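Residues per chain, in single letters:
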Amino acid sequence: MPEASIDHLRDEWRSIAALCDSLDADEWARPTACPGWTIKDQLSHLVAPEAAMLGRPAPPKLTEHPIYVHNAVGEMNEDAVELRRSWSGKEVLAEFKEVTSARLDALYKMSDAELDSDSWTPVGPGRYRDLLAIRAFDAWVHGQDIRDALGRLGDLDTPAAAHALQRCFLAMPYVIGKKVGPPEGSSVALEVIGPTSGHLAVEIKEGKARLAESDLLAPTASISVDFVIYTRVACGRLAPAEALGAEGISIKGDKRLGEAVIENLNFMI
């Protein structure tokens, strides 16, 4: 059975290419939720790591980076985006189609041993299949950035969207335990509703935030939130204050704890 993350990448790359096929020059230049990046820059960012993994030459390193770049990964991303800033949107799209096609050919030929081999990932050492899971999540998130800038909702009920939700869920013990830090015995139930949905509960036991093994009868705080709002806040695309004022979110129980979870939801570097 093929690695699911490869299928997610395939589906999301095809969706993004189809979405961008008809863009005009003004649309390519639209700003997105990522500071300093246009729709064309989003595509430049998506294609660059895949080109690198095919062994293509790395972009020249910038001597200075914009103020919105805060770490080494951000510097690499900006180097790749800057290289393509003089290109037209259609040129970046042509590279995107060629590179992603070549990557899929290579990925579907990988053996289980290759997928299980040691690999760098943006969150630390892992396996190559871990890197692919992150790449699939990244592709979906930036695809949503493009759609949001164009005002064209889509890809909200796909396997890639479900994968993205699970990646966000993985961060919830960190968000609640480390960033919020409620007292021992506290618990939070989270219900994500919409075209892609899911739920989880996190409880603080012995000083650690852990996923509850079963539904909680009386959580300290219960949060119900729309899928789009949840993923956009978790990925740093929507301000928590704006989310808390939206119709697609409700908090029961300890309202301050629930608000603190939303305020600290962003986990992307």
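Look a little higher up for the structure.
None of these values were measured; they are calculated from a predicted model. (Residues numbered from 1 in each chain as written. Predicted model: local features only at pLDDT ≥ 70, side-chain atom pairs only at ≥ 80, totals over all residues. Heavy atoms only, no water.)

A. Spatial organisation of the layout of surface pockets. For the largest pocket, the calculated volume is near 1,600 Å³. As for the largest pocket, its lining consists of 49 residues, of which His45, Val73, Gly74, Asn77 and Asp138 are closest to the centre. Contributions of two or more residues to the lining of the largest pocket are made by α3 (39–53), α4 (72–83), α5 (89–107), α7 (128–150) and α8 (159–170). With eight residues, α4 is the single largest residue contributor to the lining of the largest pocket. (1 Å grid on protein atoms, 1.4 Å probe; cavity = no way out; pocket = protein on both sides within 12 Å on 5 of 7 lines; lining within 4 Å. Points joined across faces, edges and corners; volume = space filled by probe spheres on them. Helix = DSSP H or I, 4+ residues; strand = E, 2+ residues; numbered from the N terminus.)

B. The arrangement of the pairing of strand β5 (residues 208–211) in detail. Pairing between strand β4 (residues 198–205) and β5: four bridges, direction antiparallel. The partner of Lys205 across the bridge, within β5, is Lys208. In this structure, the hairpin formed by β4 and β5 is closed by a connection of two residues, where Glu206 is found at a positive phi of approximately 50°. (Pairing = 2+ DSSP bridges.)

C. Molecular detail of the sheet that holds strand β3 (residues 187–193). Reading across from one edge, β5-β4-β3-β6-β7 is the order of the five strands in this open sheet, with mixed pairing throughout. Looking at strand neighbours, the two that pair on one side only are β5 and β7 (249–253), the edges of this open sheet. Strand-to-strand twist across the sheet, computed as the mean angle between neighbouring axes with direction ignored, equals 15°. In this sheet, β4 lies alongside β3 in antiparallel orientation, the contact comprising six bridges. Note that in β4 the partner of Ala189 across the bridge is Ala201. Strand contacts of α8: β3 and β4, with the helix running at about 10° to β4, the strand carrying the most contacts. (Axes fitted to C-alpha atoms, helices over the stretch in contact; angles between N-to-C directions. Contact = heavy atoms within 4.5 Å.)

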